[in-house]
Amino acid sequence: MNKGVISSSPHPIPQEVMMSQSMGHGGSGVRMRGLYVLLCVVLALPGCRAFLPNFWSRVLTLSLDSYTHQFITEQGVLNVTLETLSMANTHQHRHTQEQAGLGRGFWHAVGEVVRSNAAMDFLSSTRSDPVYHFDSERVEEAMAMLRQFWAQTLLSAQAKEYQGARHSLGQLLHSLQDFYSHSNWVEMGQHSIYLHLLQPGQPAFPVATEDTPTCMECHSATCRDNLLPRLTQSQQYPLLLTTGYFSTYPPKPQGKCSHGGVLDSSRHQGAKGGINKDSTSPLFSPHHYLHVEAARLATTATLTVLRDLRDSVGYTSFLRLFSVKQPPALVFVMDTTGSMFEEITAARLRAHSIIQARANTPEQPGTFLLVPFHDPGVGPVYETENPEEFMSYMENLMALGGGDEPEMCLSAVQLALTHSPPLSEIFVFTDASPKDAHLYNTVRALTLEKQCKVTFLLTEDPSHKMKGRGRKRRRETLSPDRFALYSSLSSVSGGLTVFTTNSDIHRVSAIVEDNTAADKVTLLHAESDSDSALSHSFRVDSAVKSVTLHLTGELRQCVLSSPTDRTQSLLSQQGPLAEWERFQGLYRISLLSPIEPGQWHLNTLADGHITFNAIADSSVDFLYYFAVEANGTHPGLARVEGSPIAGVPTFLVLAVTGLSPNEEVSFSHVTLLGANGESLQKVWLNSSSSSSSSGEELVGWMASVPRVPFCVRLSGRDRGGNRLERVSTEMIQPTDIKIQVLSIPRLVPGHSTTVRFDVQNHAPARNLTLTADDDRGYLSQRGPHSLSVGERGSVRGEVELQTPEGAEAGRAVTLTLTVRGLDSLDSNYVVVHLTVVPPDPDMSPPSCSTMRVEHTCPGPTQCTGARWTVSLAVTDRGCSGLDSLQLSQGQGILTLLHGPTDPTGDSLEENQPTPNHNYQSQRVREQTSPAQGENGYAELGPRLVQGNPPLNVAQWTGGMPQPLWVRYTSPCCSPQAELLVWDGAGNVRRCHLTSSQQRGMRERSGVSNRAGEMPLQSCFLLFSLLSLIWTVLL
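For clarity, every value in this text was computed on a predicted model and none was experimentally measured.

Parameters and conventions
Residues numbered from 1 in each chain as written. Predicted model: local features only at pLDDT ≥ 70, side-chain atom pairs only at ≥ 80, totals over all residues. Heavy atoms only, no water. Phe/Tyr/Trp six-rings, centres within 6.5 Å; stacked < 30°, edge-to-face > 60°. Buried < 20%, exposed > 50% of the residue type's maximum accessible area, 1.4 Å probe, protein only. Lys NZ or Arg CZ within 6 Å of the ring centre and 35° of its normal. Salt bridge = Lys/Arg side-chain N within 4 Å of Asp/Glu carboxyl O. Helix = DSSP H or I, 4+ residues; strand = E, 2+ residues; numbered from the N terminus. Polar contact = N/O pair within 3.5 Å; in protein donor to acceptor, adjacent residues only side chain to side chain. Disulfide = S-S within 2.5 Å. Contact = heavy atoms within 4.5 Å.

### As for the packing of aromatic side chains
- A complete count under the given rule lists 24 aromatic pairs for this structure.
- Judged by centre distance (5.0 Å) and plane angle (85°), the ring pair of F179 and Y180 falls under edge-to-face. Y180 matches F179 in its accessibility class, with the two residues each being buried.
- Against the face of Y625 rests R115, its NZ or CZ located 5.2 Å from the ring centre.
- Against the face of Y289 rests R224, its NZ or CZ located 4.1 Å from the ring centre.

### Focus: the pattern of salt bridges
- In total, this model carries 32 salt bridges according to the counting rule given.
- Taking the shortest distance from any N to any O, the salt bridge between R566 and E596 comes out at 2.9 Å. Note that R566 is positioned in the loop between β12 (547-561) and β13 (567-569) and E596 in the loop between β15 (586-591) and β16 (598-617), a separation of 30 residues in sequence.
- A relative accessible area of 38% means that R566 is categorised as partly exposed.
- With relative accessibility at 15%, the residue E596 sits in the buried group.
- Here the salt bridges share partners, and the residues they tie into one network are E83, R307, D308, R310, D311, E978 and R990.

### Digging into the environment of H352
- Positionally, H352 belongs in helix α10 (residues 341-357).
- Among the residues examined, H352 registers a relative accessible area of 40% and is labelled partly exposed.

### Here's the deal with unusual backbone geometry
- Cis geometry is adopted by the peptide bond preceding A271, which originates at G270 and carries an omega value of -5°.
- Along the chain, A271 falls in the loop between α7 (162-182) and α8 (291-313).
- If you check the backbone angles, K325 has positive phi at about 50° while not being a glycine.
- You can see K325 is positioned in the loop between α9 (315-321) and β2 (330-335).

### Digging into the side chain of H174
- Secondary-structure assignment places H174 in helix α7.
- Within the local environment of H174, its side chain forms a polar contact with the side chain of D121, the two groups lying 3.2 Å apart.

### Here's the deal with the state of the cysteines
- Per the counting criterion, the structure on display carries five disulfides.
- Each disulfide pairs two cysteine sulfurs, and for C218 the partner residue is C223, the sulfurs being separated by 2.1 Å. The sign of the S-S torsion, about -95°, decides the handedness of the disulfide formed by C218 and C223: left-handed.
- Between C863 and C973 runs a disulfide, and the two sulfur atoms are separated by 1.9 Å. In this structure, the disulfide formed by C863 and C973 twists by about 95° around the S-S bond and is classed as right-handed. Taken together, the residues span a long stretch of sequence, with C863 in the loop between β32 (846-855) and β33 (867-876) and C973 in the loop between β38 (964-971) and β39 (976-983) at a distance of 110 residues.
- The exposure class of C973 is partly exposed, given its relative accessible area of 46%.

### Observations concerning the side chain of N184
- Tracing the backbone shows N184 in the loop between α7 and α8.
- Among the polar contacts made by the side chain of N184, one reaches the main-chain amide nitrogen of T242 at a distance of 2.9 Å.
- N184 has contacts with L227, L231, L240, L241 and T242, leaving out every residue within four places of it along the chain.

This is the structure in structure tokens:
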């Protein structure tokens, strides 16, 4: 798919969100496979519910024009991200907005949200539970679950645990979107979203009781007017909410609505038929004619949640949550034992060079990470977004201690992986082998799950048997393969292992600068242990700006050939094709400009192991994952967690990133490459035009996954017919073992939590070992645990985590489960991201109530010179207390007041002199010189205007639940405004102010029936009473 920038509108349901979703013209093999799968699905699937999970579901249900969870979520995130960039006013954000795309990291982050969303339809613990899908009239339970997802997302984002936040956000959006498809909200005639779902203080509709009939009989595929009148006609009856029952659990009472469709067995029970709006197909959705309206409301709700999340965590954190145009992180893992002085110095100088060269540019790394280690100490993790602070960490590193050769290197790499953003490259500086070799499988799993590269810069020759280190000289003989785990890890992740010397380490560290630049793509990655002549090729296309080659090992001969057959011996001459540098253990080759487009060749003769890596500057890249058909209750493609199963049919799903809107590139196939760069298998893709921005993904069908390790090369052609190739460097390790987590629970301080999983064996009966590891030390038992499983059988297991009493809310815990065969190297893994949540999180946002309205606005055509004023009482409904205010829209002034107005409209007492105020992002200029208020009182308190950052008001209320009084005054030519109010838990309320405001705050609501609201007079009396009590107490 073309993951480029598309136009955006700040309004709900922008036209670009409702664009056409054509699937393109697939190859014949893909088309035949799709027809076969469709036939199997229609005849065999037991059930399908919710908006369809993803793009492939539309094929399986013959509803190519349906809106899916994937589409609604992708377009929602894209539009709010572009909206946020347009609203940001820093230089960096303006520059970012001018770029051709949002970056590969952005689409990777969006993919995590989308897959978490779709997984609700695939995980055994959630796919059939009505609470996760607003089914079977479990509305109250579903709302409670929805609010838990919101609280968890907010906690994680505020703690900068962005991967956990993306996971819970996907879950939240799935359930929220399902409400509009599964309930009678659309049939009730509601044209706005139901705010009560996430905001308990908003008006609520009652839910039909179990003994209340809700539907009439329907005997056709399309069910029109099958809801009873009291569920659709607000003029005659108090409206009731209902949702459809699905399948056999829970049992459907007589007279209730079914979910409906050919895959819902409950549709045959009275009342027959159904009400779901999941698709445009009458075969699957009885209310298919309302699908577009349900999708519109689901999209509006998605946009609202994303905007509320942005306003709660701030623009910067929101953009980091989605890795918007984020350059690669700079991540160092440093051995700090006594022999590492030169290596520490080299890393320090290299970091300084990168920071200085990229200062005040979009190329500056957004995240800096340093993990020191020795023996037995590891850490702490130094993580910052400030380059000066990072350099301070580096300056404070000292090479001390040591003696015995092995060190805790893999423990440090594990910490770096759990703290690094996905797609990072981690650089390890050491001269020692790993003392913690038992962590290899865990580190390997984390590397593959996060698609990070790990590069080792080793300043000790692996053939040396004895060497002094620090002050102590080794007496034991060291194994020549003691660094084999490092080489294996770099090979699997697509990184490098460079054996160099202290004298060359600074120059060798230039690869750090080469690989951490933005928009780096891989054109070639291959390894070889052969002593014979080798030939490797890579292709340069028109989107490439520069090319650098890294070769590790010892070369006897190296000849570079251009597409026009010009040659250069890289070991004996400079130019005309490239400049080259040789260091101990590394050859660095830079192609000279102008670089000829076409196929380049590298012919070498080496001594021993050698690694080839060709990287280039280009925004065009791709992301991919493996998937299998989900033939359970929700048809679609479910992502394969961990490694794919060897020898079985599997889909390969790809997304192309970084194409500008005017680029036209078609991609025809993928080639699976072996470790030496040899072609193993060609996988044809359904064709896709880059001019489409509908979120379409390329899909390839593999009849059988290879049994040997491989990487993926994507091939296509540009508008001029020139070939384009990109390589993903991680080596996929096919396996005969599958491990799947059944549920992802929350962690509560002071409580134990159980994570259950299934292990499936696709080979003859055998014994397996399972190892669990987490980065916080919460596991009760790490293993290894012995498992015995039969031929093509499975076994269920569980691990327990004990969360300490003092665990910080929002903290992420990364749990890694690895399983391997006792009689083979066969293994697989699953990585689970858990979040610590408080026992009783505050999920209630603040409230606003209008206490007094004054205006002298003569009308919209005569507004010049006139103004209007509204006075508000702002309170927190939860237990966190008010935190901050911000005027997000409006041309007026917001002033904090000391107390409320009285019923007769007498003067408001102005605020007394205030203490110093801390602002969340930056200080606002406060107008502290006395000024006459409209009633003659001095205004000494802070005043806010649009564009000011949020004002911290926690100390104004002293953490007590009393109201905060504010007044807004605006010219009549600006008749509307919006006030954002946050509590201490991060819940946000949008308070809409208008010149025609009536008492009783008009907080945004989609409910036309305001049942349950206090009369305005009662509301006023209540606040007056609260004010009086507070005055007496003071």
